[in-house]
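Letter by letter, the chains look like this.
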Amino acid sequence: MRFIIKDNQDEASSYAASYIIKRITQFSPTQQHPFVLGLPTGSSPLDVYRILVERYKAGEVSFENVVTFNMDEYINIPQDHEDSYHSFMWKNLFSHVNISPRNVNILDGNAPDLEAECIAYEAKIKAVGGIDLFLAGVGEDGHIAFNEPGSSLASRTRVKTLAYDTILANSRFFGDNPGLVPKMALTVGVQTVLGAREVVVMVLGARKALALQRCIEQGVNHLWTLSALQLHPHPMIICDEDATLELKVKTVKYFKDIERVARAEGFDQILPSKIRTGPSVKPAPATVVVNGAHSPTITSPQSTHSHHLLRPSAGIEYPIRSRSPSPDFTNDRMSSRIGDPALTRRLTPTPGQQSRQISGPSMSLRALAAGVSAVSA
Ligand code: GLP
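Residues numbered from 1 in each chain as written. Predicted model: local features only at pLDDT ≥ 70, side-chain atom pairs only at ≥ 80, totals over all residues. Heavy atoms only, no water.

Enquirer: For the overall build of the protein, give the residues involved together with the corresponding values.
Expert: On a plain count of helices and strands, the protein comes out with 11 helices and 14 strands. Across the 377 residues in the protein, those meeting the buried criterion constitute 50%. Within the protein, contacts between residues at least 6 apart in sequence are counted, and of these 77% link residues at least 24 apart. Taken as a whole, the protein presents about 17,800 Å² of accessible surface, with 55% of it coming from carbon and sulfur. (Helix = DSSP H or I, 4+ residues; strand = E, 2+ residues; numbered from the N terminus. Buried < 20%, exposed > 50% of the residue type's maximum accessible area, 1.4 Å probe, protein only. Contact = heavy atoms within 4.5 Å. Areas by Shrake-Rupley, 256 points an atom, 1.4 Å probe, with all protein chains shown as cover.)

The following block contains the structure:
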């Protein structure tokens, strides 16, 4: 899991927009081989969309060969209703960029046969070769798309009843009247999202802090469906400081640390892989040129669980770049999360502990070993 913590919403949104632009550009999409982008609605992606529009107008990105699939849509509100997700997407993104309407896919909540609509949506995603990058938000109750608490983590596109939390949260778009919020929606499933080659989730503001805590610090749980992201090979959460309110300080420090160290080691963007690059990109060489010098590459393990990895899958090559002095890690160990000192004694001592144990009369290595066997007895 890459977990990017930015100081505020502006920085988080700008990071996400730049990331998406970089992915589209690296892919070099063509009409025959478009970049397939999954998209959410809600307030979380609004600034990302605004920045994408600005940067499209500045000539930095083109949507000509981008195909989109939206996450969800309410059932039984007209498409031209101002709060339908169709209206939302055209108002905030599609009308302002050069995307072709035939490349836009949004579930039809008024389809005569809703089940057939969902099956056709999945088939269409498969037919274009799967989703390259799914951008997402998260609900206050930890839902992704409209996969409400208790949704199957194996779910695909389907009809879903909305949870009370979601109806309350979304009533702000319906004149603060929960009674006007549709009770049912069509949504991609958790597995539809996990089938994307990459998932990027925006988590902004204190209202999302509990959901974020459940997804980052706890296990995979169908009550917090965003937590299923832990099973994805390339997940990234981008949040602002307010969203970290419920996380342990040491968790925040840990993720900031590993990003900082990776950047200093030259691994700022480590995911450009052949499975996510487009047809015009030549096979990656065995060595890469960095600052004029050839460096060896590391080939990462391949993802095996995505249903949509249809393109030839060669290794992902991570360039080893020239190194700048590495910052120190914060002196924090996972064992500090476990209150039981007997358990932490089984772990490799930190350098400080080690020297105390070796030199100290009462804590020789033998005594340490005795302590370990006493604990394990
Ligand atoms: C709705 C959408 C989700 C979105 C969530 C959060 O439930 N179906 O895709 O993530 O709202 O919305 P917001 O970003 O406005 O908090």
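Enquirer: With reference to specific residues and values, describe helix H4 (residues 114-127).
Expert: Working note: α-helix, 3.6 residues per turn, so residues spaced by three or four point in the same direction. Over its 14 residues, H4 runs 20 Å from end to end, which matches the ideal 20 Å to within 8%, given 1.5 Å per residue. Three or more residues of H4 are buried, namely Glu117, Cys118, Tyr121, Glu122 and Ile125. The buried side chains of H4 occupy one side of the element, clustering within an arc of 135 degrees when seen end-on. In H4, the exposed positions that point more than 90 degrees away from the buried face belong to Glu115, Ile119, Lys126 and Ala127. In this fold, the buried residues of H4 make contact with strand E3 (66-70), strand E5 (104-105), strand E7 (158-161), strand E8 (184-187) and helix H6 (190-194). Glycine 129 lies just past H4 and shows a positive phi near 95 degrees. (Expected span 1.5 Å × (residues − 1). Arc of directions from axis to C-beta.)

Enquirer: So what's going on with the environment of phenylalanine 3? Residues and values would help.
Expert: Locating phenylalanine 3 in the fold gives a position in strand E1 (residues 2-6). The sequence separation of phenylalanine 3 and cysteine 239 amounts to 236 residues, and the corresponding C-alpha distance is 7.8 Å. Sequence-distant contacts of phenylalanine 3, that is, excluding residues within four places in its chain, are made with Leu212, Ile216, Ile237, Cys239, Leu247, Phe255 and Glu259.

Enquirer: Tell me what's going on with the packing of helix H1 (residues 9-27) against helix H2 (residues 46-57), and back it up with residues and numbers.
Expert: One can describe the packing of H1 onto H2 by two numbers: an axis separation of 8 Å at closest approach and a directional angle of 50 degrees. It follows that H1 is oblique to H2 by the angle criterion. Seen along the crossing, H1 lies across H2 with a hand that is right-handed. Residues Gln9, Asp10, Ser13, Ser14, Ala16, Ala17, Ser18, Ile20 and Ile21 of H1 pack against Asp47, Val48, Ile51, Leu52 and Arg55 of H2. A class-by-class count of the residues in the contact of H1 with H2 yields seven nonpolar, four polar and three charged. (Axes fitted to C-alpha atoms, helices over the stretch in contact; angles between N-to-C directions. Parallel < 35°, antiparallel > 145°, perpendicular 65-115°, else oblique. Left-handed = near helix turned anticlockwise from the far one by under 90°. Nonpolar A, V, L, I, M, F, W, Y, C, P; charged D, E, K, R; others polar.)

Enquirer: Account for the confidence of the model for the protein, with residues named and values stated.
Expert: Put simply, the protein has an average pLDDT of 82, and 72% of its residues get 70 or more. Across residues 281-321 the pLDDT falls below 50, and counting only partners more than four positions away or on other chains, this stretch makes 85 contacts in the model. (pLDDT = per-residue confidence, 0-100.)

Enquirer: Summarise empty space enclosed by the protein; cite the residues concerned and give the values.
Expert: Under the counting rule described, the total for this entry stands at one cavity of 30 Å³ or more. Of the pockets and cavities examined, the largest cavity occupies roughly 40 Å³. Surrounding the largest cavity, Ile144, Val190, Val193, Leu194, Thr225, Leu226, Ala228 and Leu229 form its lining. Looking at side-chain class alone, the lining of the largest cavity contains seven nonpolar, one polar and no charged residues. (1 Å grid on protein atoms, 1.4 Å probe; cavity = no way out; pocket = protein on both sides within 12 Å on 5 of 7 lines; lining within 4 Å. Points joined across faces, edges and corners; volume = space filled by probe spheres on them.)

Enquirer: So what's going on with helix H8 (residues 249-264)? Which residues, and what values?
Expert: Here H8 spans 22 Å end to end across 16 residues, near enough to the 22 Å set by a 1.5 Å rise per residue. Residues of H8 that are buried: Thr251, Val252, Phe255, Asp257, Glu259, Val261 and Ala264. Here the buried face of H8 lies against E1 and helix H7 (209-217). Just downstream of H8 lies glycine 266, where phi reads positive at about 90 degrees.

Enquirer: Now, about the nonpolar core: what can you tell me, with residues and values included?
Expert: In globular proteins that are soluble, nonpolar side chains generally tend to be buried together. Among the nonpolar cores identified, the biggest contains 37 residues, and Phe3, Met71, Val201, Val203, Leu212, Leu226 and Ile237 are the most heavily contacted of them. Breaking this core down by element, the ones donating at least two residues are E1, E3, H4, strand E6 (133-136), strand E9 (199-203), H7, strand E10 (235-240) and H8. With four residues, the top contributor of residues to this core is H7. Of all hydrophobic cores here, the second largest spans 36 residues; its members include Tyr19, Ile51, Val53 and Ile238. (Core = buried A, V, L, I, M, F, W, Y, C linked by side-chain atoms within 4.5 Å.)

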